[in-house]
Amino acid sequence: MANLTAKIAERKPEEQALHDERGSTTWAALDGRVNRLIHAFRDRGLQQGDTIAVMSGNRRESFELTLAYMHAGWIGVPVNWHWTAEELAYVLADSGAKALVVEDQFLPVAIEATASNSDCSLRVVIGSEIGETDPSASGTFLSYEAMLESSSSEEPTDQCTGGPMFYTSGTTGFPKGVKSALTKVGQDIGMWELIAGSFAGMLGAPVDGITLLEGPAYHSAQWVFSVFPLIGSASTLVMRHRFDAAETLALIDAHQITTVHLVPTQFIRLLKLPDDVRASFSGTSLQAVFHGAAPCSPSVKRDMLSWWGPVVSEYYGGTEGGFLSLISGDEWLAKPGSLGRPLPIVDIKVFDDDGNECGAGLAGQIWFKSVMGNDFEYHNAPEKTAAAHTTEGYGTLGDIGYFDADGFLFMSDRKIDMIISGGVNIYPAEIEGVLVTHPAVADAAVFGVPDDEFGEQVKAAIQVVDGHEADTALEADLIDLVRTKLAGYKAPRSIDFHPQLPRTPTGKLLKRKLRDPYWESAGRSI
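Quick look at the structure, then.

1. With respect to the sheet that holds strand β26 (residues 455-464)
Strand pairing in a sheet relies on backbone hydrogen bonds. The paired strands run either parallel or antiparallel.
Link 1 in the chain: Reading across from one edge, β25-β26-β27 is the order of the three strands in this open sheet, with mixed pairing throughout. Looking along the sheet, the strands with just one partner apiece sit at the ends: β25 (441-451) and β27 (494-498). Taking the axes of each pair of neighbouring strands and ignoring which way they run, one obtains an average angle of 25° across the sheet.
Link 2 in the chain: Relative to β27, β26 is paired through five bridges, and the arrangement is parallel. Looking at the pairing, glutamine 463 lines up with histidine 498 of β27.
Link 3 in the chain: Strands β25, β26 and β27 of the sheet are contacted by helix α17 (residues 472-485), whose axis makes an angle of about 125° with β27.
Link 4 in the chain: The sheet strands contacting helix α18 (residues 511-519) are β25, β26 and β27, and the helix crosses β25 at an angle near 30°.

2. Focus: helix α9 (residues 220-232)
Link 1 in the chain: Over its 13 residues, α9 extends 17 Å from the first C-alpha to the last, a length consistent with the 18 Å expected when each residue adds 1.5 Å.
Link 2 in the chain: Of all 13 residues that make up α9, twelve are buried, and the element is covered over most of its length.
Link 3 in the chain: For α9, the complete set of buried residues consists of Ser220, Ala221, Gln222, Trp223, Val224, Phe225, Ser226, Val227, Phe228, Pro229, Leu230 and Ile231.
Link 4 in the chain: After α9 finishes, the residue alanine 234 shows a positive phi value of roughly 55°.

3. Describing the sheet that holds strand β19 (residues 364-370)
Link 1 in the chain: Sheet architecture is open: four strands sit in the order β18-β19-β21-β22, paired in antiparallel fashion. The outermost strands of the open sheet, each flanked by one partner alone, are β18 (346-351) and β22 (409-414). Neighbour-to-neighbour, the strand axes of this sheet turn through a mean angle of 50°, independent of strand direction.
Link 2 in the chain: Pairing between β18 and β19: six bridges, direction antiparallel. Bridge pairing in β19 places isoleucine 348 opposite phenylalanine 368.

4. Looking at a nonpolar patch on the surface
Link 1 in the chain: Together, Ile345, Val371 and Met372 make up a nonpolar patch on the protein surface, roughly 290 Å² of accessible area in all.
Link 2 in the chain: Judged by its relative accessible area of 59%, methionine 372 falls in the exposed class.

5. Quick word on the pattern of salt bridges
Link 1 in the chain: In the structure shown here, the tally under the stated rule is 24 salt bridges.
Link 2 in the chain: Between glutamate 87 and lysine 490 there is a salt bridge whose closest N-O contact spans 2.8 Å. Taken as a pair, glutamate 87 in helix α4 (residues 85-95) and lysine 490 in the loop between α17 and β27 lie far apart in primary sequence, 403 residues in all.
Link 3 in the chain: A salt bridge links aspartate 404 to lysine 335, with the nearest nitrogen and oxygen atoms 2.7 Å apart. In this pair, aspartate 404 is assigned in the loop between β21 (395-403) and β22 and lysine 335 in the loop between α14 (329-334) and β17 (341-342), connecting sequence segments 69 residues apart.

6. Notes on the nonpolar core
Link 1 in the chain: Among the nonpolar cores identified, the biggest contains 56 residues, and Phe41 and Trp223 are the most heavily contacted of them.
Link 2 in the chain: When residues of this core are assigned to their parent elements, the largest contribution, eight residues, is made by α9.
Link 3 in the chain: The next biggest cluster of nonpolar side chains, apart from the first, holds 28 residues, and it includes Ile252, Leu262, Met304 and Val312.

7. Observations concerning the pairing of strand β12 (residues 236-239)
Link 1 in the chain: Of the two faces of β12, the one carrying Thr236 and Val238 and the one carrying Leu237 and Met239 are both buried.
Link 2 in the chain: Here strand β1 (residues 16-20) pairs with β12 via two bridges, running parallel. Counterpart to leucine 18 in the pairing with β12 is leucine 237.
Link 3 in the chain: In the sheet, strand β11 (residues 210-213) pairs with β12 via four bridges, with the strands oriented parallel. Opposite threonine 211, over in β12, you have leucine 237 as the bridge partner.

What counts, and where the lines are drawn
Residues numbered from 1 in each chain as written. Predicted model: local features only at pLDDT ≥ 70, side-chain atom pairs only at ≥ 80, totals over all residues. Heavy atoms only, no water. Pairing = 2+ DSSP bridges. Helix = DSSP H or I, 4+ residues; strand = E, 2+ residues; numbered from the N terminus. Axes fitted to C-alpha atoms, helices over the stretch in contact; angles between N-to-C directions. Contact = heavy atoms within 4.5 Å. Expected span 1.5 Å × (residues − 1). Buried < 20%, exposed > 50% of the residue type's maximum accessible area, 1.4 Å probe, protein only. Patch = residues over 30% accessible without salt bridge, like charges linked within 9 Å, V, L, I, M, F, W, Y side chains within 5 Å. Areas by Shrake-Rupley, 256 points an atom, 1.4 Å probe, with all protein chains shown as cover. Salt bridge = Lys/Arg side-chain N within 4 Å of Asp/Glu carboxyl O. Core = buried A, V, L, I, M, F, W, Y, C linked by side-chain atoms within 4.5 Å.

Structure follows, in structure tokens:
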């Protein structure tokens, strides 16, 4: 039996482990399918330390794969399903993926992305009823179910830890893989039980609870808030591929959900539901509701606390550092806007530009270090890893903030240009890199502007080449260009045209001169 699921399967074999729109999987069945997956990939040449990429929506098979690479010493790359073929091809090559598993609805992108990648030779499709797709396109894609059926259900030998490597958009170029404490390969499998169990206990995820996943599991926070309760507290995992506010309320009551992770955009959509829909919601099963990934408006936070009660907690963190601070609902009401106190496993410092530690109330860059010795690195990017660390080993997400006199952390700005829209990180540099390829564009700047629902939306400022018309036709053409090259959510929602973009004599773009006017009346700076 797979070590992480065996004890749970023995204790409650016929209870639900996974549930999606298509059906349910019991703990006993999950344990057997994870065994078969490990054998299936090993039989096809996957070895400890190899990388497997997974491009799938929130469905049971994606979590079977997650448990398989966590048991077999493989690195798993959860792929953003919005990516274009060009973005996927880059990540497959950069991660050195030996295998790609793709859900059938994303198969055309996968076929195009693997057309010239001979290293990623093991290709599997979820949801296809046939044994293989068109092999002439880019090589054979095996059927996921057929592969499982042909493999052994015996307990795999040599089980050891594998883990995820999440790709996060970089400030320049394509996304970069983040290797963190979760990515370690080859350790005793009991490490996962210790990590997941400690996490679930620290956050109050109840044993034998029921977790709801309402966001993409390729996001590190959604992954952790799904996988850790699953294996750390034997929680049933209910999931949906797409978020629907009214359905979310119905799911919480119907499945008696105890734990859920949401982002502020989802709060807003829940709050905007008709009064009768909100009034019909009980929510008495909820014990732990977490939000993060983007700034939350104080008015939205107060409305959610008033509606759902103090079970709503907020965290601060990132893919690189994991969870750094936490604040309960009651604490937030006493300290509005705070991100809480540092978790016991993290040391957080605020330094000014000269490297001096800032006193209470003084803003500087936020730096963190694990007291357990864990750290992160950017895959294939040692220079970026070095830039994100001090000589003392503190790492940073690039955020600006301060501690108050009581040791509560507040974030006031972001040092880097990152846009957070609906909880999704968007970095302007890659969008600017696409825009400047258009023959009518002399210069381009991309930045975030306020959006009541998503927190921020993508705005572009364009300097047009002499002889070209700055009009709505060009605006539409530029937005379409970005959509063809990058995931759709990265496309500007609107474009401003300027005679000249503000730059210093040395050529540095003064992006704040473009961005700040939009935020002056927003009551917030991020």
